[in-house]
2 protein chains.
Amino acid sequence: MSALPMVVPEPGLPTSVTIYEVGPRDGLQNESVAVPTATKAAFVQRLLAAGLPIVEATSFVHPKWVPQLADAAELMTGLTAELGDRARELPVLVPNERGLDRAVELGMRHVAVFASATETFASKNLNRTLASQFEMFVPTVARAREQGMDVRGYVSMCFGDPWEGAVPVEQVVSVGVRLLELGVGQLSLGDTIGVATAGHVRALVAAFREAGVPTDRLALHFHDTYGQALTNVHAGLQAGVTTYDASAGGLGGCPYAKSATGNLATEDLVWFLTGLGIEHGVDLGSVVATSAWMAEQLGRPSPSAVVRALSGSDS
Amino acid sequence: MSALPMVVPEPGLPTSVTIYEVGPRDGLQNESVAVPTATKAAFVQRLLAAGLPIVEATSFVHPKWVPQLADAAELMTGLTAELGDRARELPVLVPNERGLDRAVELGMRHVAVFASATETFASKNLNRTLASQFEMFVPTVARAREQGMDVRGYVSMCFGDPWEGAVPVEQVVSVGVRLLELGVGQLSLGDTIGVATAGHVRALVAAFREAGVPTDRLALHFHDTYGQALTNVHAGLQAGVTTYDASAGGLGGCPYAKSATGNLATEDLVWFLTGLGIEHGVDLGSVVATSAWMAEQLGRPSPSAVVRALSGSDS
């Protein structure tokens, strides 16, 4: 069987898309198996070699909260020794000023902060209210910008929340606009529990546009919990969004949602974009091989349909 | 977590869709476990009770080729005893005149024939050439029509073929138009190995329209091998197609393609349509419960993302 889909473009879609790879950070932080630092470093390097233009490498979060990424400084020091400035260009998550201090110390150039679109998740994940979370972001973003860093703003629970249900688009726009006002360059709108469907994606992107936010400031971050991630990308493309988060092999998930499957798999996204003739710069075979290798490290099969089909690792 | 997605319609899509359930036939014929006739009968009845408007029940194929469905007559006799005329309305596959004889004997009202869009699959699956397969369909369809039966025409390998690669849309249109000329009422255009992407779906539907085939004569039948099935439905909806084949729990697959995962799961389709506010008449919880029960009978978890998420049967 051919290892690539046939190319049949759809009129009106963007001709080129940026895949923002989150596997080493968002993927591994939600895996129960602890991965050795050297394996993480190899993972990041293999993803870069596969042509992924942006690879978020780790999170400078307190090890008490995310023990899987306790080796963030060690990982980035090692990667910098091997890759030099290329490693300093890799984005890292900084939950707060302490995290930013560590990123600055290592000379990182791109950081990301993590906000919530809902009251309950702000409380559970950040120990803040929806309003007071910004007190944490104001100095973090300001200081990062003073250092000349680019700052990405993750907004989680943008479509639904396990406790509050449907999340009004106005509420998401309000959180996003506030982050942009603080100096965030790009918003990553996350469907943390995977409940978005195509019409909802279209409506949310339209609401940002109506609020004066250009579509090129938006990235979309989908989870495949209900199998909807790629149709949501399709809706996003039709709405003009050109940056999509994805996780090699579909690594990760949401630790707060029972049975949640992981992030949209990079390979499934690459297959989809390739079929539509949309440029992405990624070598599918290399990412599949990387994810098959990582699945072995983790001791479980990849949830990615493309990885399973092409690596023949399922029945 | 809510057991239903939020409803946000997408402008321009159909307001109502017919789900054509193929699990008992296309699903079970590709499962290695032999399912007892009573279990199949219960499966069909549970699917009908869940609101599925059309449930293809079995295939009157020679038991030598599909031993899993060797009990077709017994199954339909039992269902007729329980459901009366309702059972006779259930479509059944008839590969040839001998199959049709058995369907006529049991008073069935809806039959389906199975064609190939490619030379190689016609040879391997039907032992015919692309051209000579029609010699088999001419008398089968004519006699079925004389009996007042509706005839559906499956066209397999409509997008790609494991041996021939990309299948030209003109070739698919040619096979489909020929079946319609013979008296077939509805075509089910199958992506047997799961290689379709959204632009290709759009192009194939457009090619049929240009050949003078009204879109309401078309159904689309997707496999989720590369995770693309739902985006392909999305493209189909945007092209105006209102009938989609699906298999409860994602049962089945293509026995000719290594690692092929199964049909689009009915539950994933129902979730998607529900999110878009498109009427389908199916009770999601009932189908999920049915698929979870069938997964137990088969001794393996359902590949449907929605079934796994809602029945909590994965890790």
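Residues numbered from 1 in each chain as written. Chains lettered and ligands numbered in written order. Predicted model: local features only at pLDDT ≥ 70, side-chain atom pairs only at ≥ 80, totals over all residues.

Regarding the overall build of chain A
So, step 1. In terms of helices and strands, chain A carries 13 helices and eleven strands.
So, step 2. Over its C-alpha atoms chain A spans a radius of gyration of 18 Å, differing by no more than 12% from the 20 Å that the globule rule assigns to 315 residues.
So, step 3. For chain A, the C-alpha atoms occupy an extent of roughly 55 × 45 × 35 Å along the three principal directions.
So, step 4. Within chain A, buried positions represent 56% of all 315 residues.
So, step 5. Partitioning the intrachain contacts of chain A with sequence separation of at least 6 by distance along the chain shows that 71% fall at a separation of at least 24. (Helix = DSSP H or I, 4+ residues; strand = E, 2+ residues; numbered from the N terminus. Rg over C-alpha atoms; globule rule 2.2 N^0.38 Å. Buried ≥ 20, exposed ≤ 12 C-beta atoms within 10 Å, placed from the backbone. Contact = placed C-beta atoms within 7 Å.)

What to know about the sheet that holds strand E5 (residues 110-116) of chain A
Residue and element names in this part refer to chain A.
So, step 1. Spatial strand order, E2-E1-E11-E10-E9-E6-E5-E4-E3: nine strands in an open sheet with parallel pairing. Each end of this open sheet is capped by a strand with a single partner; those strands are strand E2 (54-55) and strand E3 (58-59).
So, step 2. Two elements, strand E10 (residues 218-222) and strand E11 (residues 243-246), share two bridges in a ladder whose sense is parallel. Its bridge partner being in E11, Leu220 is matched across the sheet by Tyr244.
So, step 3. Running at roughly 165° to E10, helix H10 (residues 229-238) makes contact with strand E9 (186-191), E10 and E11 of the sheet. (Pairing = 2+ DSSP bridges. Axes fitted to C-alpha atoms, helices over the stretch in contact; angles between N-to-C directions.)

Considerations on the sheet that holds strand E4 (residues 92-93) of chain B
Residue and element names in this part refer to chain B.
So, step 1. On the basis of which strands lie adjacent, the open sheet formed by nine strands has the order E2-E1-E11-E10-E9-E6-E5-E4-E3 and parallel pairing. Of all the strands in the sheet, the pair left with one neighbour each is strand E2 (54-55) and strand E3 (58-59).
So, step 2. Examined bridge by bridge, strand E9 (residues 186-191) and strand E10 (residues 218-222) share five bridges and lie parallel to one another. Bridging from a neighbouring strand, Leu189 pairs with Leu220 of E10.

Things to note about the interface of chain B and chain A
So, step 1. Contacts between the two partners involve 42 residues from chain B and, on the opposite side, 43 residues from chain A.
So, step 2. Breaking the side of chain B that touches chain A down by element, the ones donating at least two residues are strand E8 (165-166), helix H9 (198-210), helix H10 (229-238), helix H11 (266-275) and helix H13 (305-311) of chain B.
So, step 3. Sort the elements by how many residues they give to the side of chain B that touches chain A and H9 of chain B lands first, with five residues.
So, step 4. Among the residues making up the side of chain B that touches chain A, the classes are represented as 20 nonpolar, 15 polar and seven charged. (Nonpolar A, V, L, I, M, F, W, Y, C, P; charged D, E, K, R; others polar.)

Notes on the packing of helix H2 (residues 37-49) of chain A against helix H12 (residues 284-298) of chain A
Residue and element names in this part refer to chain A.
So, step 1. The geometry of H2 relative to H12 is characterised by a closest axis approach of 9 Å and an angle of 165° between their N-to-C directions. For the element pair H2 / H12, the angle class is roughly antiparallel. Between H2 and H12 the crossing geometry is left-handed. Side by side, H2 and H12 meet where Thr39, Phe43, Arg46, Leu47 and Ala49 of the first sit next to Ser286, Thr290, Met294 and Gln297 of the second.
So, step 2. Per-class residue counts for the contact of H2 with H12 are four nonpolar, four polar and one charged. (Parallel < 35°, antiparallel > 145°, perpendicular 65-115°, else oblique. Left-handed = near helix turned anticlockwise from the far one by under 90°.)

Considerations on the relation of the copies chain B and chain A
So, step 1. Its rotation angle being 180°, the transformation that places chain B on chain A also includes 0.0 Å of axial translation and leaves an RMSD of 0.0 Å. Here the symmetry operator amounts to a two-fold rotation axis. Minimal C-alpha separation from the rotation axis in chain B is found for Thr231 of chain B, amounting to 2.3 Å. (Least-squares fit on C-alpha atoms with pLDDT ≥ 70 in both.)

A look at the pairing of E11 of chain A
Residues and elements named next belong to chain A.
So, step 1. Alternating residues of E11 divide into Thr243 and Asp245 and Tyr244 and Ala246, and every residue in both groups is buried.
So, step 2. As paired elements, strand E1 (residues 18-21) and E11 share four bridges and run parallel to each other. Residue Tyr20 lies in a different strand from E11, and its bridge partner there is Asp245.
So, step 3. Once you follow E10 into H10 and on to E11, the crossover reads as right-handed. (Right-handed = clockwise from strand over helix to strand, strands pointing away.)

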